[in-house]
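# Remarks on the overall topology
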Amino acid sequence: MRKQIRSDINLVICPKNKRHTDIVVCAASCEDRRYCREYKDKITNEILLDFIEKHPKYKLVGELMPTEKTAKTNEKIYLVVSKDNQVEEVPEKEIMNNPKKYLKKQIWLKPPFHYELVVSLKRIKD
């Protein structure tokens, strides 16, 4: 006799172990939550906010995770902040060729990673 699998919306086939598991168990078994495709497809902000309303001992916590390197070339890219706080991406070569234009501005080295905000639940300690 075959096992009957419950028709639960939280049951998915986990891409890692290829078994029917709960979505939370599937995401927890991933080394990094942001790569769990099933978790991203099923869990939405509305579900998390609804869970927080029902369970006041939990809160939403954000975490910045680097996704991929943004600089594909060997040329350095700088972020130039003007007086009216506008940010412009400028290659190093242009700054070296036109130094007068960038004299009184803040110049920052652009970070090599693009970041993504990952939201998760955290239990509030009493």
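This text follows the structure it describes.
None of the values given here were measured: they were computed from a predicted structure.

## Quick word on the overall build of the protein chain
Each helix and strand in the protein chain was counted, giving 4 helices and 7 strands. Secondary structure elements in the protein chain, listed N-terminal to C-terminal, are β-β-α-α-α-β-β-β-α-β-β. For the protein chain, the proportion of contacts with a sequence separation of at least 24, taken over those separated by at least 6, is 55%. Surface accessibility of the protein chain: about 10800 Å² in total, with carbon and sulfur atoms responsible for 54%.

## Section: the nonpolar core
Inside soluble globular proteins, nonpolar side chains tend to come together where they are buried. Membership of the largest hydrophobic core is limited to 5 residues, which are Tyr-78, Val-80, Val-90, Ile-95 and Tyr-102. When near neighbours in sequence (up to four residues on either side) are disregarded, Val-90 contacts Lys-76, Ile-77, Tyr-78, Val-80, Ile-95 and Tyr-102.

## What to know about the pattern of salt bridges
Per the stated rule, a full pass over the model turns up 3 salt bridges. The salt bridge involving Asp-50 is made with Lys-54; its shortest N-O contact spans 3.3 Å. Placement of both Asp-50 and Lys-54 in helix H3 (residues 45-54) is noted, with a separation of 4 residues, approximately one turn of the helix. When its relative accessible area of 36% is taken as the criterion, Asp-50 is described as partly exposed.

## A short note on the side chain of Ser-82
Relative to the helices and strands, Ser-82 is located in the loop between strand E4 (77-81) and strand E5 (87-91). Using a relative accessible area of 18% as the deciding quantity, one classes Ser-82 as buried. Reaching out from Ser-82, the side chain makes a polar contact with the side chain of Asp-84 at a distance of 3.3 Å.

## What to know about the pairing of E4
Pairing geometry for E4 and E5, over 5 bridges, is antiparallel. What sits directly across from Val-80, in E5, is Glu-88. Linking E4 back to E5 in an antiparallel pair, the connection comprises 5 residues, with Asn-85 at a positive phi of about 60°. In the sheet, E4 pairs with strand E6 (residues 106-109) via 4 bridges, with the strands oriented antiparallel. Residue pairing for E6: Tyr-78 is matched across the bridge by Leu-109.

About the cut-offs
- Residues numbered from 1 in each chain as written.
- Predicted model: local features only at pLDDT ≥ 70, side-chain atom pairs only at ≥ 80, totals over all residues.
- Heavy atoms only, no water.
- Helix = DSSP H or I, 4+ residues; strand = E, 2+ residues; numbered from the N terminus.
- Contact = heavy atoms within 4.5 Å.
- Areas by Shrake-Rupley, 256 points an atom, 1.4 Å probe, with all protein chains shown as cover.
- Core = buried A, V, L, I, M, F, W, Y, C linked by side-chain atoms within 4.5 Å.
- Buried < 20%, exposed > 50% of the residue type's maximum accessible area, 1.4 Å probe, protein only.
- Salt bridge = Lys/Arg side-chain N within 4 Å of Asp/Glu carboxyl O.
- Polar contact = N/O pair within 3.5 Å; in protein donor to acceptor, adjacent residues only side chain to side chain.
- Pairing = 2+ DSSP bridges.

Any functional reading would require information that these geometric values do not contain.
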